[in-house]
Amino acid sequence: MSIWLIFGSLLGVIEFSQQQLLTPLTKTSPELFPYQVYVEADLYCLGALISTRFVVVNAICIESRNHAEVHLGTESDPFYNIFGTKGQVIKASELLPHPEFGKRYTDHVLVNNIGLIKLRDPAILTSKVQPIKLPSKYDFPLLPGTLLNVTGYMDSIFMSDILRFMTVKVRPQEQCQEFYGKDFMTDVEQCVEATGRRIDWPGVFAMDGKLVGLARELSRSIDCVVSDSSCSKHDVFLSIGPYLDWIYENSDVPRTAPLVRIIRIQQPQFVPKPLNRLQIVLPPSPIIVPELVNIHDREGFDYI
Ligand SMILES: *[C@@H]1O[C@H](CO)[C@@H](O)[C@H](O)[C@H]1NC(C)=O
């Protein structure tokens, strides 16, 4: 009986710490996720602002290259939004689906489902509208256990879905492959572990304020091939890693990766400098002088 009680309380502790780690569906404000945008184009899509002029989005949203309108800094889904604000609304001047976006012939899965929207007017940066940083190529594939924030809109209040986020944990690639079978594209996709309810329309996956992925929802829902209750079709994302070069080449985001390397090389050179300064600043022992004077005085006294 007492063993079961101890076991039960241990389970409680484990469950509690997991809850702390993976927060289910928190209502949030655009101030915390100012990069999250809503796109009205061929489809309604979610994307991320990466500079005042560019938005990253799934290619399928802009495939026809017809039109797109971006809503920035909105706390609720502007399509259903009756009472709230629609955010900053900016039309696109250029639509760039990835040149190799298309269908995999064998099973019609969308590949390279990524694209860029160039805004006609630059976004006005406010506390609710800020671009997200791009990660380094060396961050990919993200290590299992890495925590990410997923943002998206869900749960109507007054006919309008609101911005929510949840923190999730990257799963090992082998487990993703096992969960989603042949539809899971190991070279460009990763998957996460979450607890409880998921955001039913996830958009952007971010790691410490850097864009790491777009939800795979629009590529075709990816079904679980295992009967594991922790497997959900919402947990797969398209990794930004393999597309970083293409994003840099086609947007105005400056490359920052080489700077990081220069800083690392410079660090050891600063180490000897404080030592040199210490040696110079230290005066040559001032205590010796009064001692010498005392000895002379004593000697003089003895002679007298
Ligand atoms: C997730 O977002 C929250 C709220 O902005 C932030 O405190 C936390 O550091 C973020 N976590 C990650 C892994 O980015």
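Worth saying up front: this structure is predicted, and the values here are computed from it rather than measured. (Residues numbered from 1 in each chain as written. Predicted model: local features only at pLDDT ≥ 70, side-chain atom pairs only at ≥ 80, totals over all residues.)

Novice: Just checking my understanding: could you explain the overall build of the chain for this structure?
Specialist: In terms of helices and strands, the chain carries six helices and 15 strands. Within the chain, the proportion of its 304 residues that are buried is 36%. Intrachain contacts of the chain at a sequence separation of at least 6 include 70% that bridge at least 24 residues. (Helix = DSSP H or I, 4+ residues; strand = E, 2+ residues; numbered from the N terminus. Buried ≥ 20, exposed ≤ 12 C-beta atoms within 10 Å, placed from the backbone. Contact = placed C-beta atoms within 7 Å.)

Novice: Quick question: what am I supposed to make of the pairing of strand β3 (residues 44-49) here?
Specialist: Side-chain positions along a regular strand alternate between the two faces of the sheet. For β3, a buried count of five out of six residues is recorded, marking the element as mostly surrounded by other parts of the structure. In this antiparallel pair of consecutive strands, strand β2 (residues 36-40) and β3, the connection spans three residues. Across two bridges, the pairing between β3 and strand β4 (residues 54-57) is antiparallel. Residue pairing for β4: L49 is matched across the bridge by V55. (Pairing = 2+ DSSP bridges.)

Novice: Would you take a moment to explain unusual backbone geometry for this structure?
Specialist: In terms of backbone geometry, most residues other than glycine have negative phi values and most peptide bonds are trans. A cis geometry characterises the amide bond from F140 onward to P141, with omega recorded as -10 degrees. Checked against the element boundaries, P141 lands in the loop between β9 (115-119) and β10 (147-157). Even without being a glycine, R65 presents a positive backbone phi close to 55 degrees. Relative to the helices and strands, R65 resides in the loop between β4 and β5 (69-72). The backbone phi angle of N112 is positive, close to 50 degrees, even though this residue is not glycine. One can find N112 in the loop between β8 (110-111) and β9. For N112, a count of 20 C-beta atoms within 10 Å translates into the label buried.

Novice: Hey, could you run me through the sheet that holds β5 in this one?
Specialist: Two modes of strand pairing occur in sheets, parallel and antiparallel, and in both the strands are linked by backbone hydrogen bonds. Spatially, β2-β3-β4-β9-β6-β5 is the arrangement adopted by the six strands of the closed barrel, whose pairing is antiparallel. Each strand axis lies, on average, 40 degrees off the axis of its neighbour in the sheet, ignoring direction. Direction of pairing for strand β6 (residues 88-97) relative to β9: antiparallel, over a ladder of five bridges. When the sheet's bridge partners are listed, E94 is paired in β9 with K118. (Axes fitted to C-alpha atoms, helices over the stretch in contact; angles between N-to-C directions.)

Novice: Help me understand the site of the ligand, please; the structure alone is not making it clear to me.
Specialist: Taken together, L32, L147, L148, N149, T167, A206, M207 and D208 are the residues near the ligand. Elements that contribute at least two residues to the shell around the ligand include exactly β10 and β13 (202-207). For the shell around the ligand, the element with the highest residue contribution is β10, accounting for three residues. Here the residues of the shell around the ligand sort into five nonpolar, two polar and one charged. (Near = placed C-beta within 6 Å. Nonpolar A, V, L, I, M, F, W, Y, C, P; charged D, E, K, R; others polar.)

Novice: Would you mind showing me how to read the environment of E75 here?
Specialist: Within the fold, E75 resides in the loop between β5 and β6. Between the alpha carbons of E75 and P30 there is a distance of 5.8 Å; along the sequence they are 45 residues apart.

Novice: For this particular structure, what's the right way to read the nonpolar core?
Specialist: Side chains of a nonpolar character, in soluble globular proteins, are inclined to be buried together. Counting residues in hydrophobic clusters, the biggest one holds 68 residues, and the most contacted among them are V39, V55 and I117. If one sorts the elements of this core by residue count, strand β11 (residues 160-170) sits on top with five residues. Contacts of I117, omitting those with residues within four sequence positions, involve V39, F54, V55, V57, I62, A68, V70, A92 and L95. (Core = buried A, V, L, I, M, F, W, Y, C linked by C-beta atoms within 7 Å.)

Novice: Help me understand helix α2 (residues 173-180), please; the structure alone is not making it clear to me.
Specialist: Since the α-helix packs 3.6 residues into each turn, any two residues three or four apart lie on the same face. Along α2, the positions that sit buried rather than exposed are C176, F179 and Y180. On an axial view of α2, the arc spanned by its buried residues comes to 75 degrees, and they lie on one face. For α2, the elements touching its buried residues are β12 (189-193) and β15 (236-239). Once α2 ends, the next one or two residues include G181, with phi positive near 65 degrees. (Arc of directions from axis to C-beta.)

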